[in-house]
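Commentary on secondary and tertiary structure
Here is what each chain is made of, one letter per residue.
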Amino acid sequence: MPTSHTSKVYEHELRTLREKLLLMGSLVEEMIQKASTALATRDTGLAKATIRLDRRINSLECEVDELCMRILATRQPVASDLRFVTTALKIVTDLERIGDLVVNVCERVQELNEEAPLAPAGELQGLSDEAIEVVHEALDALVARDWERAKELLSRDDVIDEHYARIFQDVLQTMSRDPSTVYRATRIQSIAKYLERIADHAMNIAESVVFLVKGTDIRHNNRLRENDPLSTRPPPPAGLRAR
């Protein structure tokens, strides 16, 4: 985003948009951290308090959307300003969805806290830590406008997916050995899935950062790697390329 504009009002609007977006990101990070603590310590009160934070996330989403629409309608931004405003609309959606997923985690935590602990629940902490880290990295890349850092983050997606798959298999084995664990096991599986989806939204934010800075859309390039102008991987041999 340019550092100055001929219109001070326009410049103020862009600065306000950035501040609201970053505030929303910091609140989302706070929610994830508190949900992780509630999960690890079986703290129902903290889970309930974390859920209440989502109201502010939802309010900020509406404020950002309204501000973006006003800028687009009245300022007709171009070039980097246009990328910033349209990217903000995408990022704010991912942040709101992360907030919703954290609420879902906290709801399942409350249900699990009413039951005896189950072994696979302990495996969730590692996945939770990974989700926290990728969200933090994606938001840091946004603040620094560091497209290389954002692009490198995308390689973490497969690792998190594999971690989720291991937890899923452990949950299935637990239920098959002891049907009485089904209620608790399905809650654990749900939390694992929510954490995996939180990480997916962090990847979306990372992709948006690349677009914001470089003006290049890298979405879906895991399937079209040879068409990715920013890819550091060599394209597959000609005989293996899709025809």
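Our subject is the structure that appears above.
The structure reproduced in this document is the subject of the present report.

1. Let's talk about unusual backbone geometry
- The backbone of Gln 76 sits at a positive phi, close to 45°, despite the residue not being glycine.
- Its location among the elements puts Gln 76 in the loop between helix H2 (44-75) and helix H3 (79-113).
- According to the relative accessible area criterion, Gln 76 is exposed, its value standing at 63%.
- In the Ramachandran plot, Arg 145 falls in the positive-phi region, its phi being about 50° despite a non-glycine side chain.
- Within the element layout of this structure, Arg 145 appears in the loop between helix H4 (124-144) and helix H5 (147-153).
- In this structure Arg 145 comes out as partly exposed when scored by relative accessible area, which is 32%.

2. Considerations on the environment of Ile 188
- Residue placement: Ile 188 occurs in helix H7 (residues 182-214).
- Using a relative accessible area of 1% as the deciding quantity, one classes Ile 188 as buried.
- Here the alpha-carbon distance between Ile 188 and Leu 112, two residues 76 residues apart in the chain, equals 8.1 Å.
- Beyond its immediate stretch of four places on either side in the chain, Ile 188 contacts Leu 112, Leu 118, Pro 120, Ala 121, Leu 124 and Val 171.

3. Some words on the packing of aromatic side chains
- In the structure shown here, the tally under the stated rule is one aromatic pair.
- Here the aromatic rings of Tyr 164 and Phe 168 are separated by 6.1 Å at their centres, their planes lie at 35°, and the arrangement is tilted. Here Phe 168 and Tyr 164 lie together in helix H6 (residues 156-177), a separation of four residues that amounts to about one turn.
- The exposure class of Phe 168 is partly exposed, given its relative accessible area of 31%.
- Here the guanidinium or amino end of Lys 193 rests over the ring plane of Tyr 164, the centre of that ring lying 5.0 Å away.

4. With respect to the pattern of salt bridges
- Tallied over the entire structure, the rule returns 14 salt bridges.
- For Glu 107, the salt bridge goes to Arg 108, with nearest N and O atoms at 3.8 Å.
- Residue Arg 219 is joined to Asp 217 by a salt bridge in which the shortest nitrogen-to-oxygen separation is 2.6 Å.
- Assessed through its relative accessible area of 40%, Asp 217 is described here as partly exposed.
- Through salt bridges that share partners, Glu 107, Arg 108, Glu 111 and Arg 187 make up one connected network.

5. Focus on the side chain of Ser 208
- One can find Ser 208 in helix H7.
- Residue contacts for Ser 208: discarding those within four places in its chain leaves Thr 87, Lys 90 and Ile 91.

6. Points about the packing of helix H1 (residues 8-41) against H3
- With their axes 10 Å apart at the nearest point, H1 and H3 run at an angle of 20° to one another. Taken together, the axes of H1 and H3 are roughly parallel relative to one another. The way H1 lies across H3 gives a crossing that is left-handed.
- Residues of the contact of H1 with H3, tallied by class, amount to 23 nonpolar, two polar and three charged.

7. Some details on the nonpolar core
- Counting residues in each nonpolar core, the largest one holds 67 residues, and the members touching the most others are Leu 17, Ile 32, Leu 95, Ile 98, Val 102, Ile 191 and Ile 198.
- Counting only elements with at least two residues in this core, the list comes to H1, H2, H3, H4, H5, H6 and H7.
- The leading source of residues in this core is H7, at 15 residues.
- Discounting residues that sit within four places of it in the chain, Ile 191 has contacts with Leu 39, Val 105, Arg 108, Val 109, Leu 112 and Leu 124.

Reading guide: rules and limits
- Residues numbered from 1 in each chain as written.
- Predicted model: local features only at pLDDT ≥ 70, side-chain atom pairs only at ≥ 80, totals over all residues.
- Heavy atoms only, no water.
- Helix = DSSP H or I, 4+ residues; strand = E, 2+ residues; numbered from the N terminus.
- Buried < 20%, exposed > 50% of the residue type's maximum accessible area, 1.4 Å probe, protein only.
- Contact = heavy atoms within 4.5 Å.
- Phe/Tyr/Trp six-rings, centres within 6.5 Å; stacked < 30°, edge-to-face > 60°.
- Lys NZ or Arg CZ within 6 Å of the ring centre and 35° of its normal.
- Salt bridge = Lys/Arg side-chain N within 4 Å of Asp/Glu carboxyl O.
- Axes fitted to C-alpha atoms, helices over the stretch in contact; angles between N-to-C directions.
- Parallel < 35°, antiparallel > 145°, perpendicular 65-115°, else oblique.
- Left-handed = near helix turned anticlockwise from the far one by under 90°.
- Nonpolar A, V, L, I, M, F, W, Y, C, P; charged D, E, K, R; others polar.
- Core = buried A, V, L, I, M, F, W, Y, C linked by side-chain atoms within 4.5 Å.

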